[in-house]
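Summary of structural features
So you can see what is in the structure, the chains are spelled out below.
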Amino acid sequence: MIRNASDAAGFGYEINLMRRYLALAGEGCGWLVVYAPEDDQVAKVTKIAERFGAKTAVRYGRLVNEDLV
């Protein structure tokens, strides 16, 4: 998908996330998706991700994506 992205996509956060995920996959990283809709749940997930050395964690919102780690 990255190869087919337009030049305009380079300004968006999603394409940057895709590039980050592609690089992490190249390092052998895997993913864990956690459903945490409430802020207190997100705080718990963030603490756990940090404790176990997660290389990245992103909260996907309706309008905004937020880097947690």
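Before going into details, it helps to say that this report is about the structure given with it. On a predicted model such as this, the values are computed, not experimentally measured, just so you know. (Residues numbered from 1 in each chain as written. Predicted model: local features only at pLDDT ≥ 70, side-chain atom pairs only at ≥ 80, totals over all residues. Heavy atoms only, no water.)

**Some words on the overall build of the protein**
This is how the line gets drawn: The helix count covers DSSP runs of H or I at least four residues long, the strand count covers runs of E at least two residues long, and both are numbered beginning at the N terminus. When a residue's accessible area, from a 1.4 Å probe over protein chains only, is under 20% of the maximum for its type it is buried; when over 50% it is exposed; and in between it is partly exposed. Any two residues having at least one pair of non-hydrogen atoms within 4.5 Å are treated as being in contact. Where accessible areas are quoted, they stem from the Shrake-Rupley method and a 1.4 Å probe; at the residue level, only the protein chains shown are allowed to cover.
Along its length, the protein carries two helices and two strands. The order of helices and strands in the protein, counted from the N terminus, is α-α-β-β. Within the span of the protein, comprising 69 residues, buried residues form 17% of the whole. In the protein, of all internal contacts separated by at least 6 residues, the share reaching a separation of at least 24 is 31%. As presented, the protein carries roughly 5800 Å² of accessible surface, and 57% of it is formed by carbon and sulfur atoms.

**Comments concerning the pattern of salt bridges**
This is how the line gets drawn: Salt bridges, as used here, are contacts in which a Lys or Arg side-chain nitrogen is within 4 Å of a carboxyl oxygen on Asp or Glu.
For the structure shown, the criterion picks out three salt bridges. Of the charged contacts in the structure, one is a salt bridge between glutamate 27 and lysine 55, with a shortest N-O distance of 2.7 Å. Separated by 28 residues along the polypeptide, glutamate 27 in the loop between helix 1 (13-26) and helix 2 (39-51) and lysine 55 in the loop between helix 2 and strand 1 (58-60) bring together distant segments of the chain. With respect to class, glutamate 27 is no different from lysine 55; both count as exposed.

**Some words on the packing of aromatic side chains**
Our working rule: We call Phe, Tyr and Trp rings a pair once their centres come within 6.5 Å, taking the six-membered ring for Trp, and we label the pair stacked below 30 degrees between planes, edge-to-face above 60, and tilted otherwise.
If you walk through the whole model with that rule in mind, you get one aromatic pair. For the pair tyrosine 21 and tryptophan 31, a centre-to-centre distance of 5.9 Å together with 85° between the ring planes defines the contact as edge-to-face. Of this pair, tyrosine 21 sits in helix 1 while tryptophan 31 sits in the loop between helix 1 and helix 2, and the two are ten residues apart along the sequence. Residue classification places tryptophan 31 among the partly exposed residues on the basis of a relative accessible area of 48%.

**Here's the deal with helix 2**
Stated formally: Here, expected helix span is obtained from the residue count minus one, scaled by 1.5 Å. The directions considered for the arc run from the helix axis to the C-beta atoms.
Look at helix 2: 18 Å from first C-alpha to last across 13 residues, which is about the 18 Å you get at 1.5 Å a residue. Looking at helix 2, one finds that the buried residues are Val42, Thr46 and Ala49. End-on view of helix 2: buried residues confined to an arc of 65°, all on one side of the axis. In helix 2, those exposed residues whose orientation departs by more than 90 degrees from the buried face are Lys44, Lys47 and Arg51. Check the buried side of helix 2 and you find it contacts strand 1.

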